[in-house]
Amino acid sequence: MNVRDIRAVLFDMDGTLVDSDDAVDRAWTRWAVEYGVPPADALAIAYGSPSETTIARLRPDLSAEEWSAAAARLLDLECDDLTDVVPAPGAIELIGTLERLGLPWAVFTSASNRLAKVRLGAAGISPSILVTVDDVTHGKPDPEGYLRAAELLGVPPRHCLVVEDTEVGLSAGRAAGAVTAGLKGTRADIELPDLHRLMTLFTDLSAR
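Since the model is a prediction, treat every value here as computed from it, not as a measurement.

**Q** Pulling in residues and values, what's your account of the packing of aromatic side chains?
**A** All told, the structure shown has 4 aromatic pairs when counted by the stated rule. Relative to tryptophan 105, the ring of phenylalanine 11 has its centre 6.0 Å away and its plane inclined at 75°; by these criteria the two rings are edge-to-face. Here tryptophan 105 lies in strand 4 (residues 105–108) and phenylalanine 11 lies in strand 1 (residues 8–11), a separation of 94 residues in the sequence. Comparing phenylalanine 11 with tryptophan 105, the two get one shared label, buried. Seen from their ring centres, tryptophan 28 and tryptophan 31 are 5.5 Å apart, and the 75° between their planes marks the pair as edge-to-face. With a gap of 3 residues between them, tryptophan 28 and tryptophan 31 both fall in helix 1 (residues 21–34), about one helical turn apart. Per residue, the accessibility class of tryptophan 28 equals that of tryptophan 31, and both read buried.

Printed below as a string of structure tokens:
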């Protein structure tokens, strides 16, 4: 399958549509210090997976009550720090191109609904379909979220393009049966230097 067969685009949020890497690093670093975890250990596994899963891996000794408090603390840190949270390069232009071409798009993120809304809002991005970790039973790399997003758009997963910047996210896209596009050197069906390249692919296709 190639781009001409794509009928919808499913985006990850952090690091894909929204440039929030610095904010993510700051929140996890502060949380790690507070919870006695080496920040490097937290940052090594924080990207792409639900934060609750990451916290459980970093602090398996926490009780259920302590784990809930740790997750709540991280969420507060993340939502309170929107410095440098901006659209990823090419994101606004790509969304405009998709809408001009009549291609629906959605966002599926491992972030909570609360965090997704504040970060997307800070970046000036308003998806009509937003699926968050709060909406699924299993987070990435499970395909549930991308399957849900495709269902809400009314497009079979095999005709969807999943755009991600992490291997765990791309694994979810592949498991959903979608075509994948990878940023930041990740291996995918389509490998992208940035979202401008994907915009060019769709623009060139529409001109044929």
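**Q** Go over the side chain of threonine 16, please, and point to the residues and values.
**A** The topology assignment puts threonine 16 in the loop between strand 1 and strand 2 (18–19). Using a relative accessible area of 1% as the deciding quantity, one classes threonine 16 as buried. Polar side-chain contacts of threonine 16 include one of 3.3 Å to the side chain of aspartate 165. Aside from chain neighbours lying at most four places away, what touches threonine 16 is Phe11, Ala88, Val163, Glu164, Asp165, Leu183 and Leu195.

**Q** Which residues make up the sheet that holds strand 8 (residues 190–191), and what are the values?
**A** Strands sit in the order 5-4-1-6-7-8 across an open sheet of 6 strands; the sheet is parallel. A strand with exactly one partner marks an edge of an open sheet, and here the two such strands are strand 5 (130–131) and strand 8. Two elements, strand 7 (residues 179–182) and strand 8, share 2 bridges in a ladder whose sense is parallel. For glycine 182, the partnering residue across the bridge sits in strand 8 and is glutamate 191. Sitting on the sheet, helix 8 (residues 167–176) is in contact with strand 6 (160–164) and strand 7, with an inclination near 165° to strand 7.

What counts as what
- Residues numbered from 1 in each chain as written.
- Predicted model: local features only at pLDDT ≥ 70, side-chain atom pairs only at ≥ 80, totals over all residues.
- Heavy atoms only, no water.
- Phe/Tyr/Trp six-rings, centres within 6.5 Å; stacked < 30°, edge-to-face > 60°.
- Helix = DSSP H or I, 4+ residues; strand = E, 2+ residues; numbered from the N terminus.
- Buried < 20%, exposed > 50% of the residue type's maximum accessible area, 1.4 Å probe, protein only.
- Polar contact = N/O pair within 3.5 Å; in protein donor to acceptor, adjacent residues only side chain to side chain.
- Contact = heavy atoms within 4.5 Å.
- Pairing = 2+ DSSP bridges.
- Axes fitted to C-alpha atoms, helices over the stretch in contact; angles between N-to-C directions.

The analysis is restricted to geometry; functional conclusions fall outside its scope.
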